[in-house]
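Chain residues, written in single-letter form:
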Amino acid sequence: MRRDRLYFLTYWTATFAAVLAFSSVARSQADQQHAVSKTSVAPAPKHNLSGVWQLRGTGGAESFAPEEGMPPMTPWAQAKFDAAKPGYGSRAAPGGNDPILQCDPMGFPRVMLMPTPYEFVHTPTRVLQFFEREHEWRSIWTDGRSLPKEPDPTWYGYAIGHWEGDITFVVESTGFTDRTWITPTGYPHSEAMRVTERYQRVDRDTILYNISVTDPMSYAKPITGPQRIMKLKPGAEIDELPCVWSDENEFTKRIREPAASKSAK
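Note that the structure is a prediction, hence the values are computed from the model and not measured. (Residues numbered from 1 in each chain as written. Predicted model: local features only at pLDDT ≥ 70, side-chain atom pairs only at ≥ 80, totals over all residues. Heavy atoms only, no water.)

A few words now on the packing of aromatic side chains. Scanning the model with the defined rule gives 8 aromatic pairs in all. Between Y118 and F120, the ring centres sit 5.3 Å apart and the planes meet at 85°, which makes this aromatic pair edge-to-face. As far as the burial class goes, Y118 and F120 line up, both buried. Clustering of aromatic rings is evident, with ring pairs tying together Y118, F120, F131, Y156, Y199 and Y209. Across the ring face of F108, the terminal group of R138 is positioned such that the distance to the ring centre comes to 3.9 Å. Across from the ring centre of W141, 3.8 Å away, lies the NZ or CZ of R145, which sits over that ring. (Phe/Tyr/Trp six-rings, centres within 6.5 Å; stacked < 30°, edge-to-face > 60°. Buried < 20%, exposed > 50% of the residue type's maximum accessible area, 1.4 Å probe, protein only. Lys NZ or Arg CZ within 6 Å of the ring centre and 35° of its normal.)

All right, on to the nonpolar core then. In this structure, F108, M112, F120 and Y199 are the most contacted members of the largest nonpolar core, which totals 39 residues. Mapped by element, the contributors of at least two residues to this core are β1 (51-55), α2 (75-83), β2 (118-122), β3 (126-131), β6 (168-174), β7 (194-203), β8 (206-214) and β10 (228-232). Top element by residues in this core is β8. It accounts for 4 residues. Among residues more than four places away in sequence, those in contact with F108 are F131, R138, W155, Y156, F176, M193, V195, E197 and Y209. (Core = buried A, V, L, I, M, F, W, Y, C linked by side-chain atoms within 4.5 Å. Helix = DSSP H or I, 4+ residues; strand = E, 2+ residues; numbered from the N terminus. Contact = heavy atoms within 4.5 Å.)

Turning to the side chain of T180, a few remarks are in order. With respect to the helices and strands, T180 occurs in the loop between β6 and β7. At a separation of 2.7 Å, a polar atom in the side chain of T180 contacts the side chain of H189. Non-local contacts of T180, meaning those with residues more than four positions away in its chain, are made with P105, M106, G107, W155 and H189. (Polar contact = N/O pair within 3.5 Å; in protein donor to acceptor, adjacent residues only side chain to side chain.)

Applying the stated criterion across every chain, the model contains 1 disulfide. A sulfur-sulfur distance of 2.1 Å marks the disulfide that ties C103 to C243. On the sign convention where negative means left-handed, the S-S torsion of about -70° between C103 and C243 marks this disulfide as left-handed. Placement of C103 in the loop between α2 and β2 and of C243 in the loop between β10 and α3 (245-264) is noted, with a sequence separation of 140 residues between them. (Disulfide = S-S within 2.5 Å.)

So, about unusual backbone geometry. Omega for the bond connecting F108 with P109 falls within 30 degrees of zero, at 10°, which places this linkage in the cis form. With respect to the secondary-structure elements, P109 resides in the loop between α2 and β2. Unusually for a residue other than glycine, H47 sits at a positive phi of about 50°. One can find H47 in the loop between α1 (2-39) and β1.

On to the pattern of salt bridges. All told, the structure shown has 8 salt bridges when counted by the stated rule. The closest approach of N and O atoms between E62 and R228, which form a salt bridge, is 2.7 Å. Residue E62 is found in the loop between β1 and α2, and its partner R228 is found in strand β10; the two are separated by 166 residues along the sequence. For E62, a relative accessible area of 12% corresponds to the buried category. (Salt bridge = Lys/Arg side-chain N within 4 Å of Asp/Glu carboxyl O.)

Right, let's talk about the pairing of strand β4 (residues 136-141) for a bit. Bridge analysis of β3 against β4 gives 6 bridges, and the strand direction is antiparallel. Bridge pairing links F130 to W137 in β4. Between the antiparallel neighbours β3 and β4 lie 4 residues, among them E134 with a positive phi of about 70°. Summarising the sheet, β4 and strand β5 (residues 158-164) pair through 2 bridges and their orientation is parallel. Within β5, the position partnered with W141 by the bridge is I160. (Pairing = 2+ DSSP bridges.)

What follows deals with the pairing of β5. By the bridge criterion, 7 bridges tie β5 to β6 in an arrangement that is antiparallel. Counted as the bridge partner of G161 is V171 from β6. Hairpin connection of β5 to β6: 3 residues between the antiparallel strands, including G165 at a positive phi of 70°.

Residue position: G60 is located in the loop between β1 and α2. Taking relative accessible area as the criterion, G60 reaches 26% and is therefore assigned partly exposed. On a C-alpha basis, the gap between G60 and L113 in space is 8.4 Å, while along the polypeptide they are 53 residues apart. Once you skip the residues sitting within four places of it in the chain, G60 turns out to touch L113 and P115.

Within the secondary structure layout, G235 lies in the loop between β10 and α3. Classification of G235 by relative accessible area gives exposed; the value is 77%. G235 sits 183 residues away from V52 along the chain, and the two C-alpha atoms are 8.1 Å apart.

Rendered as structure tokens:
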């Protein structure tokens, strides 16, 4: 009996020691892997978003906010929404009147959620945002000016930016023409719309993007989109991708409207 008890104690002592040794090795390996993962991506440069970036999304055109979470519309906006006939998505129908189907500029913030890249270029007084889609560009002024009180409405608005800390670029925009939609399914906006964006470059390769829209003429409360991830594309170049009306018209007749007819049935 005594021999059995001694064997039992010896066995479990050895087993416990082995478990401790294994845990120590595993913990050491995990610590090393964590250290490697932390150093595998270079830190974000300060006050710098330069480079070509692309949204990590579904691969198609997206809405900046979930449609089921859109706030109630004003009567003015509801009438505009009811008159909208999207060319794509759940409300697609033949004879769509989405402005982009006639090669009108897509506008903002809709262009931010396209599956095409864009580039940031820094200058001493502004940051240029150059979009592959439509081969369009946007100025974000960084010279300390304020937003104009009564800007002339334009497709991509009037934008100013400033840095919060070393890695977060905050952009305020206003002065948008109401001829664009803010989602592919026809949600409208007024010329009173104001957009706030936050580009947080958390490391060399990653931007966390947040956007909100305030438009009291159209919606009962501000609209805030979910945080999205944008990734750097080292070595990439922006291609020429303008909207060519003849190509768009041919695509509409041959593919888009037949597909919309089938989905509408």
